[in-house]
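Secondary and tertiary structure notes
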Amino acid sequence: MNIKLLEQSKDKMNASFLIEKSTPAFVNAIRRAVISLVPVMAIDEVEFSKNSSVLYDEMIAHRLGLIPLTTDLKSYNLPEKCTCNGEGCAKCELKLSLSVSAPEKGDEGVWVYASDMKSKDPAVKPVFDKIPIVKLMPGQELEFVATARLGIGLTHAKFSPAHAYYHYKPEVKVTKQGESRTDLKDICPPGVLDVKGGKLVINKEYAFDPKLFEAAVAVSEGALELKESDTDFVFHIESWGQLTCKEILGAAVDSLKSLTSEFVKSL
Ligand SMILES: [Zn+2]
């Protein structure tokens, strides 16, 4: 198997890579491990002391659970694997508190944002500051202490670290009759085709986007032929922000490894 990084965003939260000489079963196992077995932090319990906003406690708690929190996998354990046996300690949970009240006078009200939560650990805080929680109208108050824990996507979607998907690597060819169709360069989606030495060729920089190729083949009138590789895959990860793509893949592979060794032990 060969792996080649195709692109990665500056913040390392989005990445695409090519997996060569593999099988759909293996690539899909990685995909499933990424979305459902990698632990991330999320708010799991909320204790309200004041809430006179228009939203019920339950609705606010649900919103809080879905706020992505930056995750520090080295400092926290999954509650069920912690030395406290899941009772709750500094190694497996973290408190975040919030206290906001809107002034009695005025008619504007005050927005409560994710950044209003004060975290006890600077390494674990909301990924995006401006996620709105609720709007408080004059005189309304909101005060709570939330408990964040590590969890996996298999138990609740709020613990999922990323959107992950893959597709077969597109293999596009210019057919014999297509070589002279240099006019197609401007008709097909921009950048897909190029003209070199008077002949129509595929632009290698676009070699991994099947959607663009599908569109190009559809309008090419037989000049292009699209096939998909059986053994090569293009894999994409889009992190929700808790972990970088590299951390997510590392944790996914670790969890697959421990699952397979558990399987061997049980056998
Ligand atoms: Zn613990």
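Residues numbered from 1 in each chain as written. Predicted model: local features only at pLDDT ≥ 70, side-chain atom pairs only at ≥ 80, totals over all residues.

Thoughts on the overall build of the chain
- Scanning the chain from terminus to terminus reveals 5 helices and 12 strands.
- Taken over C-alpha atoms, the radius of gyration comes to 25 Å for the chain, far larger than the 18 Å a tight globule of 267 residues would show.
- C-alpha extents for the chain along the principal axes are approximately 75 × 60 × 25 Å.
- Here the chain, with 267 residues, has 29% of them falling under the buried criterion.
- Within the chain, contacts between residues separated by at least 24 positions form 70% of all contacts whose residues are at least 6 apart in sequence. (Helix = DSSP H or I, 4+ residues; strand = E, 2+ residues; numbered from the N terminus. Rg over C-alpha atoms; globule rule 2.2 N^0.38 Å. Buried ≥ 20, exposed ≤ 12 C-beta atoms within 10 Å, placed from the backbone. Contact = placed C-beta atoms within 7 Å.)

Quick notes on unusual backbone geometry
- The backbone phi angle of lysine 21 is positive, close to 60 degrees, even though this residue is not glycine.
- Inspection of the secondary structure puts lysine 21 in the loop between strand E2 (14-20) and helix H1 (24-36).

Quick look at the domain arrangement of the chain
- Splitting the chain by domain gives domain 1 (2-37 + 163-236) and domain 2 (40-159).
- Domain 1 and domain 2 are separated by 41 Å when their C-alpha centres are compared. (Domains from an automatic or database assignment.)

Comments concerning the nonpolar core
- Counting residues in each nonpolar core, the largest one holds 41 residues, and the members touching the most others are Val34, Ile43, Ala148, Ile248 and Ala252.
- Counting only elements with at least two residues in this core, the list comes to H1, strand E3 (40-51), helix H2 (57-65), strand E4 (93-101), strand E7 (132-136), strand E8 (141-151), strand E9 (162-174) and helix H5 (245-266).
- Formed jointly, this core draws a minimum of three residues from each of two domains, domain 1 (2-37 + 163-236) and domain 2 (40-159).
- Sequence-distant contacts of alanine 148, defined by excluding residues within four places in its chain, comprise Met41, Ala42, Ile43, Asp44, Leu69, Glu93, Leu94, Leu96 and Val124.
- Core analysis: the next-biggest nonpolar cluster, separate from the first, contains 10 residues, Val192, Phe213, Ala223 and Leu224 among them. (Core = buried A, V, L, I, M, F, W, Y, C linked by C-beta atoms within 7 Å.)

A look at the sheet that holds strand E12 (residues 224-239)
- The 4 strands lie next to each other as E1-E2-E12-E9, forming an open sheet whose pairing is antiparallel. Both edges of this open sheet fall to strand E1 (2-8) and E9, since each of them pairs with a single strand only. Averaged over all pairs of adjacent strands, the angle between strand axes in this sheet comes to 30 degrees, irrespective of strand direction. (Pairing = 2+ DSSP bridges. Axes fitted to C-alpha atoms, helices over the stretch in contact; angles between N-to-C directions.)

Let's talk about H1
- Helix length check: H1 (13 residues) gives 18 Å between terminal C-alpha atoms against 18 Å at 1.5 Å per residue, within 8%.
- Looking only at H1, the buried set comprises Arg31, Ala33, Val34 and Ile35. (Expected span 1.5 Å × (residues − 1).)

Observations regarding the environment of glutamate 87
- Along the polypeptide, glutamate 87 turns up in the loop between H2 and E4.
- Under the C-beta neighbour-count criterion, glutamate 87 is labelled exposed, with 10 such atoms within 10 Å.
- For glutamate 87 and valine 100, which are 13 residues apart along the polypeptide, the C-alpha to C-alpha distance reads 30 Å.

Thoughts on the sheet that holds E3
- Strands sit in the order E3-E8-E4-E6 across an open sheet of 4 strands; the sheet is antiparallel. Looking at which strands have only one partner, the edges of the open sheet turn out to be E3 and strand E6 (118-119).
- As defined by bridge partners, E4 adjoins E8 across 9 bridges and the pair is classed as antiparallel. Residue pairing in the sheet places serine 99 in a bridge with glutamate 143 of E8.
- Those strands touched by H2 are E3 and E8, and its axis lies near 155 degrees from that of E3.

Things to note about the packing of H1 against H5
- Packing of H1 against H5 leaves a shortest axis separation of 9 Å and a crossing angle of 110 degrees. It follows from the interaxial angle that H1 and H5 lie roughly perpendicular. For the pair H1 and H5, contact is made by Ala29, Ile30, Ala33 and Val34 and by Ile248, Leu249, Ala252, Ser255 and Leu256, respectively. (Parallel < 35°, antiparallel > 145°, perpendicular 65-115°, else oblique.)

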